[in-house]
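One letter stands for each residue in the lines below.
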Amino acid sequence: MRPLRATVRRTALAHNIGVVRAHAPASRIWAVVKADAYGHGLLRMLPVLAAASPAGPDGLALLELDAAVQLRESGIAKPLLLLEGFFSADELALYSRHRLCSVVHSLEQVAMLEAAPPPGVKGAAPIDIYLKLNTGMNRLGLSAQDFATALQRLRACSNAGAITVMTHFADADGPTGVTEQHARLMAVLVEAGKRSGLGAQLPISMANSAAILRYPETHADWVRPGIMLYGCTPFTDEPAFNAAHFGLEPVMTLSSEIIAVQTLRPGDRVGYGGTYTARQDMRIGIIACGYADGYPRHAPGSDQIGTPVLVGGTCTRTVGRVSMDMIFADLSPVPQAGTGTPVTLWGDGLSADEVANAAGTVSYELLCALAPRVPVDVMG
Ligand SMILES: *Cc1c(COP(=O)(O)O)cnc(C)c1O
């Protein structure tokens, strides 16, 4: 059997939920499980996700409606939050039937709620709303003015249930931070409170992983951790704030083996395009893992810079170009390695953050890109 496999450890997910609780003890937790739990497999993680709070999360946030319905059908009774909300009015009946909580980020969505049949008609129940304010990311979210309008209209709309205020930070992981965005949200709430006597007392949700770890003032009522649950750091540009620094444990380990060895003479080149040239006699190991498995094709393997990889527990680097099914590792630091030697691409002993960093991307992308052809073992 091809030796490449991913192993996912539920105990690590449970541990990382504990890290979130330790940082935000007064907040409830939406575990962000979009993109099939960041590539780990939503249903594989279910025993931990379904565990009662505080061991498990208080709710699950995602944006795929079919997956949310699947969670309900798997018996999950916890709150479920759809992060992009509904896209058309015909989805509202499903939201109502399955008690799905929806982000509302546009006046178009408000209008759809107003136009839907009132609760009680065909058994419809009001839908709980996360009303989203744009605080500078300029992706989803209402302007301050539209936010006040939406709040008033939703208050008057019998299809809207409980309202929570939310925003998403653009730079909680970067140098600019969240201070200005946080202040904007608070100002809008104070204004809404003054105008209509509501707003100020509504529950609030702001913090992603980076804000949870770095900005306690943003924790509020509900936090929304994603990447940290899977054991990676949101601070991709700050080596000191790595996953180990926060005590996060990797949930996914991608492992394989050396399936062949080549002995190179000076001047021999490696892989498509021959982008790596041996300077001296050396051995290289051929690893069963390529970009069709989700390994980043842009991971460097040039003379100057390679991508870290563990061979027989020793950290070495890739050489040559990543191909569809294989990569190459420099065996110089591991002379005893040969065919059959175990390899860790990322996970235990080598954070996906380090691999992503070398490849000019983020661990989020590596985890989500794990290909369906890779078999997954579940532990814990
Ligand atoms: C994905 C997402 C999160 C989680 O972000 P992380 O950086 O992975 O913690 C939180 N909130 C929203 C709205 C998201 O889309």
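The rules behind these values
- Residues numbered from 1 in each chain as written.
- Predicted model: local features only at pLDDT ≥ 70, side-chain atom pairs only at ≥ 80, totals over all residues.
- Heavy atoms only, no water.
- Near = heavy atom within 4 Å.
- Polar contact = N/O pair within 3.5 Å; in protein donor to acceptor, adjacent residues only side chain to side chain.
- Areas by Shrake-Rupley, 256 points an atom, 1.4 Å probe, with all protein chains shown as cover.
- Nonpolar A, V, L, I, M, F, W, Y, C, P; charged D, E, K, R; others polar.
- Salt bridge = Lys/Arg side-chain N within 4 Å of Asp/Glu carboxyl O.
- Helix = DSSP H or I, 4+ residues; strand = E, 2+ residues; numbered from the N terminus.
- Buried < 20%, exposed > 50% of the residue type's maximum accessible area, 1.4 Å probe, protein only.

(A) Region of interest: the site of the ligand. Close to the ligand lie Val32, Lys34, Tyr38, Leu83, His168, Asn208, Ser209, Arg224, Pro225, Gly226, Ile227 and Tyr364, which account for all nearby residues. Between an oxygen atom of the ligand and a side-chain N or O atom of Ser209, the distance comes to 2.5 Å. Note that an oxygen atom of the ligand is positioned 2.9 Å from one of the backbone N or O atoms of Gly226. Burial of the ligand by the protein chains amounts to 93% of its free accessible area of 390 Å². Residues belonging to the shell around the ligand are distributed by class as follows: six nonpolar, four polar and two charged.

(B) The arrangement of the pattern of salt bridges in detail. By the definition in use, this model includes twelve salt bridges. Between Arg184 and Glu180 there is a salt bridge, with its nearest N and O atoms 2.8 Å apart. With a gap of four residues between them, Arg184 and Glu180 both fall in helix α8 (residues 179-196), about one helical turn apart. Judged by its relative accessible area of 53%, Glu180 is exposed. Between Glu238 and Arg214 there is a salt bridge; the shortest N-O distance is 2.9 Å. Taken as a pair, Glu238 in the loop between β9 (222-223) and β10 (252-264) and Arg214 in helix α9 (residues 209-214) lie far apart in primary sequence, 24 residues in all.

(C) A look at unusual backbone geometry. With an omega of 10°, the peptide bond between Ser53 and Pro54 qualifies as cis. As for its position among the elements, Pro54 is in the loop between α3 (46-50) and β3 (59-62). One non-glycine residue, Ala37, lies in the positive phi region at around 55°. Considering the arrangement of structural elements, one finds Ala37 in helix α2 (residues 34-38). Non-glycine residue Ala220 carries a positive phi angle of around 50°. In this structure, Ala220 sits in the loop between α9 and β9.

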